[in-house]
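Summary of structural features
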Amino acid sequence: MNKTQSVKYRGGLSVLSLAIIVLLPVVMTGQFYFGRNKIQYEDFDWQVLETEHFYLYYYTGEEQLGQVAAYFAEEAFGELELKFNCTFSRKIPLVVYSNHIHFQQTNILPYHIPEGVGGFIEYIKKRVVIPFNGNMFDFRKVIRHEMVHAFTHAKISYVSSDIGMWESPNFPLWFTEGLADLWSGNWDSQAEMVIRDALLYDHLYPLDSEALYRAGFLLYKEGQSFLGYFEETYGTDDIRRLMEDYWRYENFEQTIKGVTGKEFTTLMLDWRLALKKQMAEPLQQDFVIGNGENQLTKTGTNVSPALYYDHLGNQHLVYLSSRSGYTDILSQSLDVDDRKKKTVLKGERGAEFESLHITQSGLNVSRDGKLAYVTKSGQQDVIRVVDLATRKEITSFSHPQIISIRTPVWSHDDAKIVFSAQNFNGLADLYIWTVDSSTAIRLTADIYCDSDPAFSPDDSAVVFVSDRGREILDGGTDLFILDLATRQLKMLFKDEYQEKYPRWSTADQQLIYFISDRSGTPNIWSVRISDNEPRHIVQLQQLTNVHTGIHDIVPLAADSLLVSSFQEYNFQIHRLPLSEFSVSTPIDTTFSRSTVKGWSPPTIPTTISRKKEPYKLRYSLDLAQTAVAYDPIYGVLGGAQLSISDLLGNRYYHFLLTNTAQTSGDFLGRFNFAVTMVDLTGRSNLALGIFHFANDYFDPYQAFYFERTYGIRGGINYPLDVFRRLEFSGTFWYSYKDFYFNNTRSTVLLSNFVSFIHDNSLWYYTGPIDGWRLRLTIGPTIDLKKSRLHNLTGLIDSRYYLRIRQFVTFAQRTMIWINDGEDIRRYYIGGSWGIRGYNLYDIYGSKYMMFNQELRFPLAHSLMLNFSRGGIGVSPIRGALFVDAGNAWDNERPDLIGSMGFGLRGLFLGGVVLRLDIGRHTDFKTIDRDWFVQFFFGWDY
Amino acid sequence: MMSTNKYFVRTAGGLLLTLLVLAASGCVGKLQYSIDLSEEPVSGSRDLTVQPVLQWSAKMISPPVAIEVLNQDLALILSYRGEIYLWDLNQGQRQGRVWQPYRQPISNHCIDGNRLYFSSIIDGLISAYDFSLQKKLWRNRKLKAPGAIAVIDSLVFYQEQRNIVAGNAANGKFIARRALPVDFASEFYISGGTIAVFSTTGNLHRFTTGLEPLEPLSLDLDQSLSAAITGDRIAAGDAHGRLVVCDLAAGQLIYATKLDGPIYTSPLINDELVICAHGSGFVSAINPESGELQWQFQGQGLVNQPLLIAGNVIIVPFARGRIVALDRLTGRELWHHDTEYVIRSLDLTSDGLLIADRRNRLHYLR
């Protein structure tokens, strides 16, 4: 094919591809060629509560939560209106889910929502979507966080619209997220832990650095810390002025200078210096947890340590680890000479172990070696019990009303498991499961958040953490003991701090270890319980003063603990001999038990709450665009696309309208239109559409021709689980073709396609590094007029990624496409994404096979050009060794051709992958002497 | 010879066409509408005890930066997009052409008699226009961030960075300059022969019309402040809720207090009362001599546009869209009017209220 033809071909394709773009989403919404599935497990009965500033969307079962959310939202609105000196009269849609698993089913975002997302605001329809995690203080904070985003967006857009700017400037992410954190809550011990760690291990990145944008949570905390410093130095009003006066300056850095009189870089240095001064004093006193024989893990996030004794009595550590990129359960001996890690369970690769909720779920091992852990499986969490000796699952527990499960802990008789869980309504309470049975007893049932339970040494009571002892929602939590026989609840002590993770000492039955942020960061304390003393006096003792903080604990012996501690922006497990700490003197803490009464769930006053009604489908605009293009062959091409959907994103209508008439007589007959309805409400995604197209086309097999088609099209996507799905689509249409030489053809066709897709791949910056992806498709088209097969399409696309080391992967791709019959398509397989070293159009045919092998490995951290006002470059840089083979044909299959060589991949500006391949061609008999160099963009296959 | 004529005709034709296009696009330097404001009151003072009725609502061409009621028939609108035009209050429509002397927002303006003085902080320009003569009187270019403008007799004063510059109001010619040690935080306030301005350090700096400095008043206000002057008395409030009342002529602090919540709009001084909106919907009337709280009204939400007074009625514009009329002496609500959208600004006419909302609509209540 020569160049002119290829241009024409693409020109002809442009109109068709516009149609395909509209038609194909029929069944592809939220799903793509590969990709994980979003599954609608629940059929929510949505209700709407209208308040002064919000439309609150909640479903049956979370009525109380809806009331509380409305209260928090109105409360935040009133406060933020004053802080921003800005208001808006349009009501904000606030969608509330009672737990994160329900939240992940929302169709407001089309793609899979990761577990780390605690809520979001969508800016087209200004929808705020929030899950409840069982804790009202967190819920309030997330609502406020998203409301700060809503106000920031409104404030900036108002100014832009006033000035007549075409679009609002993009404020840096550290600013918007930092401000949202700053104005939604106080600086807490978690933030302190992250910033201390960043300073200690020297990864407090400059705010304008690219590295910060890849650092995730650190970006939020650095932004919050900087803006906190800014607010303290210059005042709240100057933060507001940054959003009011930006239009006067060229960029954000100039705005900062204009408002403060200081260069942004100078201000950043001042902030770092202030942080260092602030940290200097505690650092002198604190213990810095670091490398050494007591550090048991080094790579990835490692949490939830548990002890396991094998049949020889050897001690093993079992824990959750992300060292592979997925979350797995690993074990290793506590013997210093044998630190080899063994995989107990590979998580997050299949439907049964969809997620292990790494930093939240916890695991526990019974005395007789049974591991209890939590995994998300389908629409809910399940407790699974595995015999560590045989690695076989013994039993499991789930209940239709229990959605999220956290921290299962065995009783000392190995018969029961106590855990905290969120039910369908969102309430976080305690439950006990007798492992031999299929039922669980609910220990608490109220709005308070009860978590981190553990049995007493005689199994007669449970110690746990709750916010039930606070008069107001201040984020603090206290320790409680529940007597299982009498159901009497006793508060251990009361203070203003956050306590968590209580565990009875193995050596002293009157001693409970717990984590408290009394000292500024989470550290280990102990409380001595004694019935001889007056109950309102307890003895507290600080046991550790780790500079960063501790996440969870397991008492190991009288004088040592296993802990996971924050270190170099990850959690690592350590054996912690308490003798290494200068243990503080026990202090008596007095509190008045008479003041212990819980807060009441706030509800919105009826003066603000206006009306409740069932959710009704009301459509509003998502996308409207028009395009006009001129093509030397096809003349003026123009069209419009429109997409509307309901507020919950469950129903979509896509409209397409174009006209390709060249003369006034053609005008009516050359209208192209397509209307497609997509329904994402249920587990199966359904779509139905009608279309009419009348265009001139070029096809390499049929040259120029005019074709008119009209018909109906439908499709169903059925997700088997998060990783696998079936796709069905069918099109029934009439086709009329005019080949311009008194040669016409009209026919009625029926196409059916069936596909199976699997994808559990794990991605790194430049492409997948683990897992496998598969797409199998077969699709016959039948000519109903002639009652025969019109054409047949089949494809196999398999991509397997074998992890050799943590960042070294062998990737193998096999692609076989076959298109046979009439009206077939031609494929092109040269180029950087096909057989490397060839041009895209060098290898083509209606059938092809292609085999790509690639070894992917890390090469360099970055290649940067540093300027006085920041740097630009590629980071990270990865290497590749590759061998490609394949060919394409129409009739007879030719011999294989291919290429081999090496390549470089680099992430540019944090989002674009640059690809450079250097190699030689081969026909697998000889190898060319000439080297080729090929440069392109895009992720690895 | 022939070709020269042809060339001339084409050039002239081109120029004429350009002028026609410029005229059609409103780029000629006038409003094309003559007004004489020398005898007419700028705004009315009819007692709005009885709720006014909506006369008309109309869409403006772009977001307004200021709306000034000029007389009973006309309002002047200055926009963020640098446009200036007149609005017919009786017909509810634009009167005459849109004049766009600047391409950037008109950041400050001042009306004195028939003259309009206006500046653009980005363009670095300050200009004077005469309504009755329908012509631009002068324009000073290349100024560094020109700020607020004030006119006393034949002198025009404007801020330029940290300087107060005095010029001839008739031709804009430079007369004198006085530097402030810090940045300006407010517009000018004038009483008799004294000109005053707040600085970012929260102090009130006073000058004579000859730009001789008078003793400054140390007030410790935040730089986000709003102030208003009535007679000799100036009242200011800041984003931290601090409220002060000063005697400008005497250079004395009369009253200072801290109210709940930020003050985003200038307090109103009327007779013996200072009336101030603060926090989330509070309006307080205080006697600054005694410090006594005369009355307090609790409304809903933010007030960030100035309170107005029409006879014995205080008009409070709540940003969320409600305008509330209060009895000046008791603080009792007399009536309220709800707009559908956030209020951007409002002004009194001789017998009603002109309201602009965030959807760029003007509403006239009479």
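Residues numbered from 1 in each chain as written. Chains lettered and ligands numbered in written order. Predicted model: local features only at pLDDT ≥ 70, side-chain atom pairs only at ≥ 80, totals over all residues. Heavy atoms only, no water.

**Digging into a positive patch on the surface**
Taken together, the side chains of Lys136(B), Arg139(B), Arg141(B) and Lys142(B) define a basic patch exposed on the protein surface. Along the chain, the position of Arg141(B) falls in the loop between strand E9 (135-140) and strand E10 (146-152). (Patch = residues over 30% accessible without salt bridge, like charges linked within 9 Å, V, L, I, M, F, W, Y side chains within 5 Å. Areas by Shrake-Rupley, 256 points an atom, 1.4 Å probe, with all protein chains shown as cover. Salt bridge = Lys/Arg side-chain N within 4 Å of Asp/Glu carboxyl O. Lys, Arg positive; Asp, Glu negative; His and termini not counted. Charge placed at Lys NZ, Arg CZ, Asp CG, Glu CD. Helix = DSSP H or I, 4+ residues; strand = E, 2+ residues; numbered from the N terminus.)

**Observations concerning the packing of helix H7 (residues 189-200) of chain A against helix H12 (residues 264-285) of chain A**
For any two helices packed against each other, the geometry comes down to the angle between their axes and how far apart the axes lie. All names here are of chain A. Relative orientation of the contacting elements H7 and H12 amounts to 95 degrees, with a least axis distance of 11 Å. Classified by the angle their axes make, H7 and H12 are roughly perpendicular. Here H7 contributes Glu-192, Ile-195, Arg-196, Leu-199 and Leu-200 to the contact with H12, which in turn contributes Leu-275, Lys-276, Met-279, Pro-282 and Leu-283. The residue makeup of the contact of H7 with H12, split by class, is 7 nonpolar, no polar and 3 charged. (Axes fitted to C-alpha atoms, helices over the stretch in contact; angles between N-to-C directions. Parallel < 35°, antiparallel > 145°, perpendicular 65-115°, else oblique. Contact = heavy atoms within 4.5 Å. Nonpolar A, V, L, I, M, F, W, Y, C, P; charged D, E, K, R; others polar.)

**Some details on the pairing of E9(B)**
All names here are of chain B. In this structure, strand E8 (residues 125-130) lies alongside E9, joined through 5 bridges in antiparallel fashion. In the sheet register, Ala-128 faces E9, and the bridge partner there is Trp-138. In this structure, the hairpin formed by E8 and E9 is closed by a connection of 4 residues, where Gln-134 is found at a positive phi of approximately 55 degrees. (Pairing = 2+ DSSP bridges.)

**Considerations on the sheet that holds strand E18 (residues 450-455) of chain A**
All names here are of chain A. Reading across the sheet, the 4 strands line up as E18-E19-E20-E21 and stay open at both edges, with antiparallel pairing between neighbours. Among the strands making up the open sheet, the edge pair consists of E18 and strand E21 (489-491). For this sheet the average axis-to-axis angle between neighbouring strands, irrespective of direction, equals 25 degrees. Note that strand E20 (residues 478-483) and E21 share 3 bridges and pair antiparallel. Following the sheet pairing, Ile-481 is matched in E21 by Lys-490.

**Let's talk about unusual backbone geometry**
All names here are of chain A. In this structure, the amide linkage connecting Ser-875 to the following residue, Pro-876, adopts the cis form with an omega of -5 degrees. With respect to the helices and strands, Pro-876 occurs in strand E47 (residues 870-889). One non-glycine residue, Arg-487, lies in positive phi territory at about 60 degrees. Looking at the element boundaries, Arg-487 is found in the loop between E20 and E21.

**Brief notes about the interface of chain A and chain B**
Facing the 23 residues of chain A at the interface are 26 residues of chain B. The junction of chain A with chain B conceals about 2000 Å² of combined surface from both sides, 52% of it contributed by carbon and sulfur atoms. The interface formed by chain A and chain B holds 4 salt bridges in total. For Glu81(A), the salt bridge is made with Arg320(B), and the minimal N-O distance between the two is 2.8 Å. At the junction of chain A with chain B, the criterion picks out 12 residue pairs in polar contact (both at pLDDT 80 or more). Residue assignment for the side of chain A that touches chain B shows that the elements contributing at least two residues are helix H3 (63-84), helix H5 (136-163) and helix H10 (236-245) of chain A. (Buried area = accessible area lost by both parts, 1.4 Å probe. Polar contact = N/O pair within 3.5 Å; in protein donor to acceptor, adjacent residues only side chain to side chain.)

**Here we look at the pattern of salt bridges**
Residue and element names in this part refer to chain A. In total, this model carries 65 salt bridges over all chains according to the counting rule given. In this structure, the salt-bridge partner of Asp-245 is Arg-241, at a minimum N-O distance of 3.7 Å. You can see Asp-245 and its partner Arg-241 sitting in helix H10, 4 residues apart, about one turn around the helix. Across the pair, Arg-241 and Asp-245 agree in class, each one buried. Between Arg-468 and Asp-450 there is a salt bridge, with its nearest N and O atoms 2.6 Å apart. Taken as a pair, Arg-468 in the loop between strand E19 (461-466) and E20 and Asp-450 in strand E18 lie far apart in primary sequence, 18 residues in all. When its relative accessible area of 0% is taken as the criterion, Asp-450 is described as buried. One connected set of salt bridges, linked through shared partners, spans Arg-836, Glu-854, Arg-856, Asp-884, Arg-905, Arg-915, Asp-917 and Asp-940. (Buried < 20%, exposed > 50% of the residue type's maximum accessible area, 1.4 Å probe, protein only.)

**Notes on the side chain of Thr194(B)**
Residues and elements named next belong to chain B. Relative to the elements of secondary structure, Thr-194 occurs in strand E15 (residues 194-199). Among the residues examined, Thr-194 registers a relative accessible area of 11% and is labelled buried. In this view, Thr-194 contacts Tyr-189, Arg-206, Phe-207, Leu-214 and Leu-248; residues no more than four positions away in its chain are not counted.

**Thoughts on the confidence of the model for chain B**
Residue and element names in this part refer to chain B. When pLDDT is averaged across chain B, the result is 88; 91% of the residues are at 70 or more. Of all the helices and strands in chain B, helix H1 (residues 2-24) carries the lowest mean pLDDT, 66, while strand E24 (residues 282-287) carries the highest, 96. Complex prediction metrics read pTM 0.87 and ipTM 0.82. (pLDDT = per-residue confidence, 0-100.)

**Concerning the environment of Ile77(B)**
Residues and elements named next belong to chain B. With respect to the helices, strands and loops of the structure, Ile-77 is situated in strand E3 (residues 74-79). Placed 13 residues apart in sequence, Ile-77 and Pro-64 show a C-alpha to C-alpha distance of 6.4 Å. When near neighbours in sequence (up to four residues on either side) are disregarded, Ile-77 contacts Met-60, Pro-64, Ala-66, Ile-67, Glu-83, Ile-84, Tyr-85, Trp-87 and Leu-362.

**Thoughts on the nonpolar core**
Residues and elements named next belong to chain A. Counting 95 residues, the largest nonpolar core has Met-136, Phe-139, Trp-174, Phe-175, Phe-226, Ile-329 and Leu-371 as the members making the most contacts within it. Take this core: its biggest share by element is 11 residues, from H5. When sequence neighbours within four positions are dropped, the list of residues in contact with Phe-226 reads Trp-174, Leu-207, Phe-264, Leu-267, Met-268 and Trp-271. Core analysis: the second largest hydrophobic core is formed by 28 residues, Phe-455, Phe-464, Phe-514 and Val-527 among them. (Core = buried A, V, L, I, M, F, W, Y, C linked by side-chain atoms within 4.5 Å.)

**Quick notes on the pairing of strand E25 (residues 537-542) of chain A**
It is a general feature of regular strands that their side chains alternate between the two faces of the sheet. Residue and element names in this part refer to chain A. Of the pairings in the sheet, the one linking strand E24 (residues 523-528) to E25 comprises 4 bridges and is antiparallel in character. Within the sheet, the bridge partner assigned to Ser-526 lies in E25 and is Gln-541. Bridge count between E25 and strand E29 (residues 587-590): 4 bridges; the pairing is antiparallel. In the strand pairing of E29, Leu-540 is matched with Ile-587.

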